[in-house]
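Spelled out, the chains give:
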Amino acid sequence: MVRITLVEAIPFAVPYRHQPRFASGTVSRADNVLVRVHTDFGLVGQAEAQPRPYTYGETQASIVDTVGGALNDALVGVEPVRSELVAARCASVTGNYVARGAVDLAVWDLIGKLLGVPCHRLLGGFADDVAAAHMVSLGEPEEMVAEAVGVSERLGVKTFKVKVGRTPALDVAAVRAVREALPHADLYVDANRGWSYEDAVRAGDELVEFGVRAIEEPISVDDRAGRLRLAERWAVPLAGDESCISLAHVDRALDEGAVRAVSIKTARTGFTESRRILDLCLARNVAVVVGSQYEGALGAAATVSFAAAFAATAGQPAELTNYLDLADDLVVAGPEIRAGRAVVPTLPGLGLVVDEDRLDHYRLDR
Ligand SMILES: [Mg+2]
């Protein structure tokens, strides 16, 4: 019987080639955490956590503390293949969504390696690739056009999530410019709660006219009445992201009625809770988007593994290209993206190999 002997958290920092900018924050470098789950069998499961203090309250330091402390205590001695026992033990640690999500992914990576099976097959294995969506960071409209056109030309991507949430005039100008440059692109927008209610009305009404197919988190998630009015006003779904960070959050958001599309991020709900969220959305006939929080290649491998695994997610674009915004990465090679589609890794588990020299170079704890 293989048992977990140690859950290790290694903080690291990798620079960006292209810094993510959105209404709730800017990421100047990827101050992430590599999670490693060790066993008495020698195999190691690994995954990556990305701190997003403005969304979850977690920092790089808090993730290191929680993973190496409470989550390590919860899992030492547990058999990794007993994934429901792992999930129950991790659930005893409240909050700390990103820390728990990364540990869940690392245990699934380990299970895959123990069984010699890629994670996307363990989860369901519906497809071997999935269409990739790219998130366009805030910038001057011409910069945003250059980013979208560049990714379209380099990777063949046809779907773009354009960041908005500034003044309505600037947001409308940026989305109009992207629409004119890529007239056939599939577009949706994400305001990251940056608009007031009045700005959301002004910007959102115009953006719907450009054929934007969903509007993600337009205003404060606490303004429930405002969200409901916007959802009733627009012909396109209001998508829930920051309001949908756990199974219980999704359940409440769907009861409230404003959210008609849910962003599922393996970076915060791992595979185990993400699957439960997917099932809840399927039961209620609510659309899902497999989303990204600008993870590196290990995170992107988790995202594509989940998105490709299920019939309900494999048929639509998942946010998969932004790991290429990093100037470097911890892994030998990231998930392959060709002709606009991300391909599932074929090696066991999450299917990526960490380059130990790069890890030594970028880790912050030595
Ligand atoms: Mg979002």
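Quantities reported herein were computed from a predicted structural model and do not represent experimental measurements.

S.K.: When you look at the side chain of E147 in this model, what are you seeing that I'm missing?
M.R.: Its place among the elements puts E147 in helix α6 (residues 141-155). In this structure, E147 is buried with no salt-bridge partner, the nearest side chain bearing the opposite charge being R154 at 7.5 Å. Within the local environment of E147, its side chain forms a polar contact with the side chain of H18, the two groups lying 2.9 Å apart. In this structure E147 touches H18, H134, M135, V136 and S137, once residues within four positions along its chain are discounted.

S.K.: Help me understand the state of the cysteines, please; the structure alone is not making it clear to me.
M.R.: Covalent bonding between the sulfur atoms of two cysteines defines a disulfide. Tallying each qualifying case throughout the model produces 0 disulfides. A disulfide-free cysteine, C90 has its sulfur positioned 15 Å from the sulfur of C119, the nearest such atom. Overall, the relative accessible area of 6% leaves C90 in the buried class. Looking at the unpaired C281, the closest cysteine sulfur is the one in C244, lying at 7.4 Å. For C281, a relative accessible area of 0% gives the class buried.

S.K.: Which parts of the structure should I look at to understand the domain arrangement of the chain?
M.R.: The parts lose accessible area when they come together, and the size of an interface is often stated as this lost area. For the chain, the assigned domains read domain 1 (4-116) and domain 2 (121-343). Between the C-alpha centres of domain 1 and domain 2 the distance comes to 22 Å. Its largest share of buried area at the contact with domain 2, domain 1 owes to R21, Y97 and W108, together 19% of the area lost on that side. At the junction of domain 1 with domain 2, the criterion picks out 1 salt bridge. A salt bridge links E84 to R276; its shortest N-O distance comes to 2.5 Å.

S.K.: Got a minute to help me understand the side chain of N192 in this structure?
M.R.: Along the chain, N192 falls in the loop between β8 (186-190) and α8 (197-209). Beyond its immediate sequence surroundings of up to four residues, N192 is in contact with F22, A23, S24, K163, E216, E217 and E242.

S.K.: Looking at this structure, how should I read the pairing of strand β7 (residues 159-163)?
M.R.: Each regular strand carries side chains that alternate between the two faces of the sheet. Extensive coverage of β7 is indicated by the burial of 5 of its 5 residues. Going residue by residue along β7, you find T159, K161 and K163 tucked away on one face and F160 and V162 tucked away on the opposite face as well. Pairing geometry for strand β6 (residues 129-136) and β7, over 4 bridges, is parallel. Counted as the bridge partner of H134 is F160 from β7. Handedness of the β-α-β unit built from β6, α6 and β7 comes out right-handed. Here 5 bridges tie β7 to β8, and the two strands are oriented parallel to one another. Paired with T159 across the two strands is D186, which belongs to β8. Handedness of the β-α-β unit built from β7, helix α7 (residues 168-181) and β8 comes out right-handed.

S.K.: Sorry, what's going on with helix α12 (residues 272-283) here?
M.R.: Side chains of residues three or four places apart in an α-helix project in the same direction, reflecting 3.6 residues per turn. Here α12 spans 17 Å end to end across 12 residues, near enough to the 16 Å set by a 1.5 Å rise per residue. The complete set of buried residues in α12 reads T272, S274, I277, L278, L280 and C281. Residue N285 follows α12 closely and has a positive phi angle near 60 degrees.

S.K.: Would you mind going over the sheet that holds strand β5 (residues 44-49) with me for this structure?
M.R.: Two pairing modes exist for strands in a sheet, parallel and antiparallel, and in both the strands are linked by backbone hydrogen bonds. Overall, antiparallel pairing links the 3 strands, which are arranged β1-β4-β5 in an open sheet. Lying at the two open borders of the sheet, with one neighbouring strand each, are β1 (4-15) and β5. Ignoring strand direction, the axes of neighbouring strands in this sheet form an average angle of 20 degrees. The pairing of strand β4 (residues 29-39) with β5 spans 6 bridges and is antiparallel. By the bridge assignment, L34 is partnered in β5 with E48. The strands that helix α4 (residues 97-115) touches are β1, β4 and β5; relative to β5, the one it contacts most, it runs at about 150 degrees.

S.K.: Which parts of the structure should I look at to understand the environment of M1?
M.R.: Summarising the element assignment, M1 is placed in the segment before β1. Judged by relative accessible area, M1 falls into the exposed class, the value being 70%. Along the chain, M1 and D329 lie 328 residues apart, while their C-alpha atoms are 34 Å from each other.

Thresholds applied
All residue numbers refer to positions counted from 1 along the written sequence of the respective chain. Only residues with pLDDT of 70 or above have their local features reported here, since the model is predicted, and side-chain atom pairs are shown and tallied only from 80 upward, although totals for entire chains, interfaces and linings are computed over all residues. The basis for every side-chain value is the complete set of non-hydrogen atoms in the structure, without hydrogens or water. Strands are runs of DSSP state E lasting at least two residues, helices are runs of H or I lasting at least four, and both sets are numbered from the N terminus onward. Each residue's exposure class comes from its accessible area (1.4 Å probe, protein chains only) as a fraction of the maximum for that residue type: buried when under 20%, exposed when over 50%, partly exposed otherwise. This count recognises Lys and Arg as positive and Asp and Glu as negative, with His and chain-terminal groups excluded. When a carboxyl oxygen of Asp or Glu lies within 4 Å of a side-chain nitrogen of Lys or Arg, that pair is called a salt bridge. N or O atoms within 3.5 Å of each other form a polar contact, as long as, within protein, one can give a hydrogen and the other can take it, and as long as residues adjacent in sequence are counted only when both atoms are side-chain atoms. Two residues qualify as a contact provided that any one of their heavy atoms is within 4.5 Å of a heavy atom in the partner residue. Our working definition of a disulfide is a cysteine sulfur pair at a distance within 2.5 Å. Domain start and end points were adopted from an automatic or database domain assignment. Throughout, buried area stands for the accessible area (probe radius 1.4 Å) lost by two parts on being put together, summed over both. Pairs of strands are assigned from DSSP output, requiring at least two bridges between the strands. By the criterion used throughout, a crossover qualifies as right-handed when its path from the first strand across the helix to the second strand runs clockwise, the strands pointing away from the viewer. Residue count minus one, scaled by 1.5 Å, sets the expected span of a helix. Whenever a helix is involved, its axis is fitted only over the stretch in contact; in every case the axis is a line through C-alpha atoms, and angles between N-to-C directions fall within 0 to 180 degrees.

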